[in-house]
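# Structural overview for review
The primary structure of each chain is shown beneath.
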Amino acid sequence: DRSYLGKNLLKSNQEKDMFADVFYMKYITEKSELSRIENIHNMLSIFGIYEYMEKVVSIGSMGRISDILRKLRSFKLPVSPWVVNKLLNSRNLHVQRLAMYTTIMSSSDSALDYFETDFFDKHCCIRDEIELAYSLQRRRKEGLKLPNLARWAHIQKNEKTQCMFVRLMRRFNEVEYCGELKDLFSDSKKKKLIEEISRTWGYLHYVECEKLLIDALLTQPDDTKVAIMHAMTRLGTGKSMAALLEGFHNTTNPHVRFEAIRCIYNYGKAGRMMFHKLEKEAKEADKKYFAFFNNPITLEKIRLDKEQAYHPSVETVFNG
């Protein structure tokens, strides 16, 4: 029996660790036949490495647990639900996070309940956004349904956590859930959240939100006005011209005025015609806003990007 022989070839834990390290380095650095995930799974099983790693995750030190969890996640190997539940109660926040992210790809939607907890709401950080984006990309590649990120934005109370989920909505093109953000946009007093929702609506071309954006424009702080005007411009329906003009005329903030002009310039043919009209009629004090559009170097930066979908340029050990 190959499995019996393999498991008895590696006598000590040190040899098993070295064996796992060799395959880990081969997997993350090479694209050879040996480094294919199916072959690695077979080799780890034959030599009893998977059973060994699961044992270490269950009873090892925090450093060893972190190291093995990283390998299990990279190899896309499942972790026992009992072990995960135990690790989620660990005092080490890093171990808790690693345990959760290790299980995402091998579990159903119920395994994503972690992102609805108070713990995640209080402790979420930029690393979580990166890890979650990789995990969602892997789920999508495997044909698994992505969670309703708008629902998670409602469940959480921390503005940074809410913004993270709204931001991920546009990166994973969740247009079907955009309508669920309307009450958050209308009722929230959180400046950053309103800006993030505006960006997501704009990038995903959710035209049903346009009236909400127009109504909110003049009541918001300056930075939020800019995010709203950008969203209107990306929608490009032709219905927001008057609002963009108000954004230019009804403020003394130079940044807001310039961004309003920039949006008008990018607002299709009608916007370009309005831009030239404003330029022709501009007072001496306002001519500085139009100078950027007449310089070929600065003109290259005037366009607004249209998409923010998540398209990794290269497969990695995390999303491959």
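The shown structure was predicted, so the numbers you read here are calculated from the model rather than taken from an experiment.

### Here we look at the packing of helix 4 (residues 49–59) against helix 5 (residues 62–74)
- Running from amino to carboxyl end, helix 4 crosses helix 5 at an angle of 140°, the nearest separation of the two axes being 9 Å. In terms of their interaxial angle, helix 4 and helix 5 are classed as oblique. The crossing of helix 4 and helix 5 is left-handed. Across from Y50, Y52, M53, V56 and V57 in helix 4, the residues of helix 5 making contact are R64, I65, I68, L69, K71 and L72.

### Digging into the packing of aromatic side chains
- Scanning the entire structure with this criterion turns up 11 aromatic pairs.
- On the numbers, 4.6 Å between centres and 40° between planes, the contact of F19 with F47 is tilted. Of this pair, F19 sits in helix 2 (residues 13–29) while F47 sits in the loop between helix 3 (37–46) and helix 4, and the two are 28 residues apart along the sequence.
- In this structure, R234 packs its charged tip against the face of Y203, placed 4.0 Å from the ring centre.

### As for the pattern of salt bridges
- For the structure shown, the criterion picks out 18 salt bridges.
- Among the salt bridges present, the one from D17 reaches R64, with a minimum N-O distance of 2.8 Å. With a gap of 47 residues between them, D17 in helix 2 and R64 in helix 5 connect regions that are remote in the sequence.
- Between R262 and E259 there is a salt bridge, with the nearest N and O atoms lying 3.2 Å from each other. Within this pair, R262 and its partner E259 are both found in helix 17 (residues 254–265), separated by 3 residues, close to a single helical turn.
- One connected set of salt bridges, linked through shared partners, spans E129, R167, R170, K191, E195, E196, R199 and D223.

About the thresholds
- Residues numbered from 1 in each chain as written.
- Predicted model: local features only at pLDDT ≥ 70, side-chain atom pairs only at ≥ 80, totals over all residues.
- Heavy atoms only, no water.
- Axes fitted to C-alpha atoms, helices over the stretch in contact; angles between N-to-C directions.
- Helix = DSSP H or I, 4+ residues; strand = E, 2+ residues; numbered from the N terminus.
- Parallel < 35°, antiparallel > 145°, perpendicular 65-115°, else oblique.
- Left-handed = near helix turned anticlockwise from the far one by under 90°.
- Contact = heavy atoms within 4.5 Å.
- Phe/Tyr/Trp six-rings, centres within 6.5 Å; stacked < 30°, edge-to-face > 60°.
- Lys NZ or Arg CZ within 6 Å of the ring centre and 35° of its normal.
- Salt bridge = Lys/Arg side-chain N within 4 Å of Asp/Glu carboxyl O.

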